[in-house]
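Spelled out, the chains give:
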Amino acid sequence: AVVSTQSTGICSSRLQQLVDWLGIPDDFDGAVEMAQELICKAGFLGSEVAIRESYLQGYLDTLLKVAKQMLALGRVYVCSVDVATVLANLGLPEIMTSVVVAAQNFIC
């Protein structure tokens, strides 16, 4: 019963409820929405809720970490360069492009 309640909670919750529940800034709602869609709409449903919640939390943790690294480079700088430059400056692989874009959208 606990598993179905938690799974239903993630998939049936409104976006703002999830943002509040995760305790992250409202500006990251796009990342939460994307993660929610991956989990609930795109069939990214594993056999255990813990796996899905871990994935969502991991993505958000990574997003916040990258945003902090970008802020350390300076807001004006980060907002004036393209994503490829940010990736290079932070030593991130190209697969992190969507995370950098989300963080850049938040920062800028």
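Note that the structure is a prediction, hence the values are computed from the model and not measured.

To continue, consider the environment of alanine 103. Considering the arrangement of structural elements, one finds alanine 103 in helix H7 (residues 97-107). Taking the relative accessible area as the measure of exposure, alanine 103 reaches 0% and is therefore buried. Considered as a pair, alanine 103 and glutamine 69 are 34 residues apart in the sequence and their alpha carbons are 9.9 Å apart. What alanine 103 contacts, discounting residues up to four positions off in sequence, is Leu63, Val66, Ala67 and Met70.

Turning our attention to the nonpolar core. Counting residues in hydrophobic clusters, the biggest one holds 27 residues, and the most contacted among them are Ile24, Val32, Leu60, Leu63, Val66, Met70 and Val100. Those elements giving two or more residues to this core turn out to be helix H2 (15-22), helix H3 (29-40), helix H4 (49-73), helix H6 (83-90) and H7. Broken down by element, this core gets its largest block of residues, seven residues, from H4. Excluding residues within four positions of it along the chain, valine 66 makes contact with Leu90, Leu92, Met96, Val99, Val100 and Ala103.

About the criteria used
Residues numbered from 1 in each chain as written. Predicted model: local features only at pLDDT ≥ 70, side-chain atom pairs only at ≥ 80, totals over all residues. Heavy atoms only, no water. Helix = DSSP H or I, 4+ residues; strand = E, 2+ residues; numbered from the N terminus. Buried < 20%, exposed > 50% of the residue type's maximum accessible area, 1.4 Å probe, protein only. Contact = heavy atoms within 4.5 Å. Core = buried A, V, L, I, M, F, W, Y, C linked by side-chain atoms within 4.5 Å.

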